[in-house]
Amino acid sequence: AAVDRSTTPWLITAYHRPTYCSVKHGCNADEAGRLRFQTEKIFHENQVDLSLQGHVHSYERTLPVFHQKVGPLAQKLFHGTTYILQGSSGNREGNEGEYPDDNDPSLPDWSAARHVEVGYGLLTVSKSELKWEFFKAGTDELLDSVVMEK
């Protein structure tokens, strides 16, 4: 992207459907695959840091990922995008699905955190740090957080 990273250090995208999602009975693998095919190379070339997504009524955060391969959060050598599926703010029919257990071999390497509780997210951004927090609605219990640094 034609972005001056000295004044705009973070690139963040937002769109409706999830690109990475492992919840059972909620993710459409074909649709996610099409989205990855359409966006992932562009995100990688332009070093998109974070992608916020919804549609599926649950929560999932990835590690920095590119072509389903995981890299370190310190994105000095590997630049992958961190994807956050935050569709868990509520649905009158209830939140969807269940995730594989942490020790389930079907759980993808890129999946860093997963929740089906109704919750909300808070994104705090500075020039050198991007902080994401996910809280359980009603109790404000912190369920997940990540800090990305430049």
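Residues numbered from 1 in each chain as written. Predicted model: local features only at pLDDT ≥ 70, side-chain atom pairs only at ≥ 80, totals over all residues. Heavy atoms only, no water.

1. Some points on the pairing of strand S10 (residues 142–149)
- Taken together, the seven bridges between strand S9 (residues 129–136) and S10 define a ladder with antiparallel strand orientation. When the sheet's bridge partners are listed, Phe135 is paired in S10 with Leu142. (Pairing = 2+ DSSP bridges. Helix = DSSP H or I, 4+ residues; strand = E, 2+ residues; numbered from the N terminus.)

2. Details of a nonpolar patch on the surface
- Taken together, the side chains of Ile12, Leu123 and Val125 define a hydrophobic patch exposed on the protein surface, amounting to about 210 Å² of accessible area.
- Tracing the sequence through the fold places Ile12 in strand S1 (residues 12–15).
- Overall, the relative accessible area of 37% leaves Ile12 in the partly exposed class. (Patch = residues over 30% accessible without salt bridge, like charges linked within 9 Å, V, L, I, M, F, W, Y side chains within 5 Å. Areas by Shrake-Rupley, 256 points an atom, 1.4 Å probe, with all protein chains shown as cover. Salt bridge = Lys/Arg side-chain N within 4 Å of Asp/Glu carboxyl O. Buried < 20%, exposed > 50% of the residue type's maximum accessible area, 1.4 Å probe, protein only.)

3. Observations concerning the pairing of strand S2 (residues 50–53)
- Taken together, the four bridges between S1 and S2 define a ladder with parallel strand orientation. Along S2, the bridge assignment pairs Thr13 with Ser51.
- Direction of pairing for S2 relative to strand S6 (residues 82–86): parallel, over a ladder of four bridges. Looking at S6, one finds that Leu52 is bridged to Ile84.

4. Observations concerning the environment of Pro9
- Positionally, Pro9 belongs in the segment before S1.
- On the basis of relative accessible area, Pro9 is assigned to the buried category, the value being 13%.
- The sequence separation of Pro9 and Val125 amounts to 116 residues, and the corresponding C-alpha distance is 9.9 Å.
- With near-sequence residues (within four places) excluded, Pro9 lies in contact with Asp49, Lys127 and Lys150. (Contact = heavy atoms within 4.5 Å.)

Purely geometric stuff here, so don't read any function into it on its own.
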